[in-house]
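Here's the letter readout for the chains.
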Amino acid sequence: MKFQTLLFDLDGTVTDSGPGILNSVRYALEKAGMRSADEEELRSFIGPPLHEQFQRFCGITAEQAKKMVSLYREYYTEKGIFENRVYDGVIPVLGRLKERGCRILLATSKPEKFARIIAQHFGFVQYFDFIGGANLDGSRTEKQEVIEYVLSECGAECRSDVLMIGDRRYDIEGARRAGVHSMGVLYGYGSRAEIEEAEPDFIAETPDEIAGIVLEEMAV
């Protein structure tokens, strides 16, 4: 398989965004007078669409979840978005893959507006040919929808040379539904058990392994 197009997830794959997300969730729960939760429980918010996770976590309606997302963004847009860091080794990997002619795209369930701010602020925007994500109104949050959107915007008609790289089962399942290959990474927020159960085509334990696997496949 000679992968020409690489789709990267953002949270848990390119950046360690946990602190900002968890602090934003804590803020929303406290502001709404809801129960507090420990860090392990709150980690469930990293990966899936935010409004859906608020519904599941709080046992509330879709309309109530929209209000929770609004509270979440009060903190996130001012502070949480910057309580973040690029994983060690990711930028060199992006550079290596770019030099080998790969088209690198970002496909995240985070609102596209925030993804672009993060890429610019943390200095990796230049490695991506396109940055795609969800809409602020809560639409286009499912991973398959994001993948389809990004590929459509970039005119990628062939799916056999596309690889989705992410740290949660949502990335792998979304890739499968979109008809593209997948790689699960183990340094993010998904456990090995979660990744293995989702059955990606490849598994990488470190950022460097991402490049190793892709370049090895390109050499076959």
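Residues numbered from 1 in each chain as written. Predicted model: local features only at pLDDT ≥ 70, side-chain atom pairs only at ≥ 80, totals over all residues. Heavy atoms only, no water.

Draft legend 1. The arrangement of the sheet that holds strand β6 (residues 162–166) in detail. As summarised here, the arrangement of the 6 strands in space is β5-β4-β1-β6-β7-β8, forming an open sheet in which the pairing is parallel. Where the open sheet ends on each side, the last strands, each with one partner, are β5 (130–134) and β8 (202–204). In this sheet, neighbouring strand axes are inclined to one another by 25 degrees on average, regardless of whether the strands run parallel or antiparallel. The pairing of β6 with strand β7 (residues 181–185) spans 4 bridges and is parallel. Paired with G166 across the two strands is G184, which belongs to β7. (Pairing = 2+ DSSP bridges. Helix = DSSP H or I, 4+ residues; strand = E, 2+ residues; numbered from the N terminus. Axes fitted to C-alpha atoms, helices over the stretch in contact; angles between N-to-C directions.)

Draft legend 2. Highlighting the pairing of β5. Counting buried residues along β5, 5 of its 5 residues qualify, which places the element largely inside the surrounding structure. When strand β4 (residues 103–111) meets β5, the two strands line up parallel, connected through 4 bridges. Note that in β5 the partner of L105 across the bridge is F130. (Buried < 20%, exposed > 50% of the residue type's maximum accessible area, 1.4 Å probe, protein only.)

Draft legend 3. The packing of aromatic side chains, seen in detail. Taken as a whole and assessed by the stated rule, the structure comprises 11 aromatic pairs. Aromatic side chains F124 and F128 sit 6.0 Å apart centroid to centroid with 65 degrees between the ring planes, which places their arrangement in the edge-to-face category. Residue F124 shares its accessibility class with F128, and that shared class is buried. These aromatic residues form a ring-pair network of at least three members: F45, F54, F57, Y72, Y76 and F114. R116 extends its terminal NZ or CZ atom over the ring of F130, reaching a point 5.6 Å from the ring centre. (Phe/Tyr/Trp six-rings, centres within 6.5 Å; stacked < 30°, edge-to-face > 60°. Lys NZ or Arg CZ within 6 Å of the ring centre and 35° of its normal.)

Draft legend 4. Quick peek at the side chain of K143. Its place among the elements puts K143 in helix α7 (residues 143–153). A polar contact of 3.2 Å, which involves the side chain of K143, links it to the backbone oxygen of A107. Beyond its immediate stretch of four places on either side in the chain, K143 contacts D9, A107, T108, S109, M164, Y170, D171 and G174. (Polar contact = N/O pair within 3.5 Å; in protein donor to acceptor, adjacent residues only side chain to side chain. Contact = heavy atoms within 4.5 Å.)

Draft legend 5. Fine view of unusual backbone geometry. One non-glycine residue, R140, adopts positive backbone phi at about 55 degrees. Relative to the helices and strands, R140 is located in the loop between β5 and α7.

Draft legend 6. Fine view of helix α8 (residues 169–178). All of the buried residues in α8 are Y170, D171, I172, G174, A175 and A178. Packed against the buried residues of α8 are α3 (50–58), α7, β6, β7 and α9 (192–198). Phi for G179, located one or two positions after α8, is positive at around 80 degrees.

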